[in-house]
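# Residue-level structure breakdown
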Amino acid sequence: METDATYRGTVYPWQCDHVGHMNIMWYVGKFDEANWNLFARIGVTPSYLRESGRGMAAVQQTISYKRELLAGDVVEMRSRLLEIREKSIRFAHEMRNAETGEVAATCEITGVHMDRRARKSTPFEPAIRNAALNHLSPSEPALA
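Residues numbered from 1 in each chain as written. Predicted model: local features only at pLDDT ≥ 70, side-chain atom pairs only at ≥ 80, totals over all residues. Heavy atoms only, no water.

## Comments concerning the side chain of Ser79
As a reminder of what qualifies: A run of H or I in DSSP counts as a helix once it spans at least four residues, and a run of E counts as a strand once it spans at least two, with each numbered from the N terminus. Burial classification: accessible surface area is computed with a 1.4 Å probe over protein chains only, and a residue below 20% of its type maximum counts as buried, one above 50% as exposed, and the rest as partly exposed. Side-chain atoms alone can form a polar contact between residues adjacent in sequence; in general such a contact is a pair of N or O atoms within 3.5 Å, and within protein one must be able to donate a hydrogen while the other accepts it.
The topology assignment puts Ser79 in strand β3 (residues 74-84). Assessed through its relative accessible area of 7%, Ser79 is described here as buried. Within the structure, Ser79 has its side chain in polar contact with the side chain of Thr6 (distance 2.6 Å). Reaching out from Ser79, the side chain makes a polar contact with the side chain of His93 at a distance of 2.5 Å.

Below, the structure is given as structure tokens:
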């Protein structure tokens, strides 16, 4: 998989809670932004979604919080594909404090490819599936 970041940003003061660190709702939002950059790498682009009537739905998300992020911290995220199936994809994000290099949080998500009109899961297009197979993390097996 490409090693370029799938998200870069900053923690703003309004994203912090009464304890002084970035609130969990903003971690989720930043992970979501990384999702779309990762998806675009395999062909699940905004134009593909609009033109095909397809969508992606998260069905499972597990977040581990490792270190606090504070107002002004610069955040960088890298992502990797773990598994591709006929209608679903599993991937992971690692969020780091870009200044210190410390891992702030990790997130693993399973997403399902959807037909938005039928409101049902649907197989990935062959081109998307093939692109995903080419981007699988080397330590993860490709599944049918």
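Next comes the rest of the description.
## Points about the state of the cysteines
Here, the word disulfide means a covalent bond between the sulfur atoms of two cysteines. Put simply, the rule reads: The disulfide definition used here is simple: a pair of cysteine sulfur atoms within 2.5 Å.
Overall, the coordinates contain 0 disulfides when judged by the stated rule. The closest cysteine sulfur to the non-disulfide-bonded Cys107 is located on Cys16, 19 Å from its own sulfur. Taking the relative accessible area as the measure of exposure, Cys107 reaches 2% and is therefore buried.

## So, the environment of Gly111
Our working rule: By definition in these notes, contact holds between two residues if any of their heavy atoms fall within 4.5 Å.
As for its position among the elements, Gly111 is in strand β5 (residues 103-115). Sequence separation between Gly111 and Ser88 is 23 residues, and the spatial gap between their C-alpha atoms is 5.6 Å. In this structure, Gly111 is in contact with Met56, Ala57, Ala58, Lys87, Ser88, Ile89 and Phe91, ignoring residues within four places of it in sequence.

## Notes on the packing of aromatic side chains
To be explicit about the condition: Ring pairs are drawn from Phe, Tyr and Trp, using the six-membered ring of Trp, whenever the two centres fall within 6.5 Å, and their geometry is named by plane angle: stacked under 30 degrees, edge-to-face over 60, tilted for the rest.
Taken as a whole and assessed by the stated rule, the structure comprises 4 aromatic pairs. Note on Tyr12 and Trp14: the rings are 4.6 Å apart at their centroids and 10 degrees apart in plane angle, and the pair reads as stacked. Within the aromatic cluster, the residues linked to one another by ring pairs are Trp36, Phe39 and Phe91.

## What about the pairing of β3?
Inclusion rule: If DSSP finds at least two bridges between two strands, the strands pair.
Sheet topology note: the strand β1 (residues 7-10)/β3 ladder contains 4 bridges and is antiparallel. Residue Tyr7 lies in a different strand from β3, and its bridge partner there is Met77. When β3 meets strand β4 (residues 88-97), the two strands line up antiparallel, connected through 9 bridges. Along β4, the bridge assignment pairs Glu83 with Arg90. Between β3 and the antiparallel strand that follows it, β4, lie 3 residues.

## Considering the side chain of Ser88
Among the secondary structure elements, Ser88 is positioned in strand β4. Residue class for Ser88 comes out buried when judged on its relative accessible area of 17%. Ignoring anything within four residues of it in the chain, the contact list for Ser88 reads Glu83, Gly111, Val112 and Phe124.

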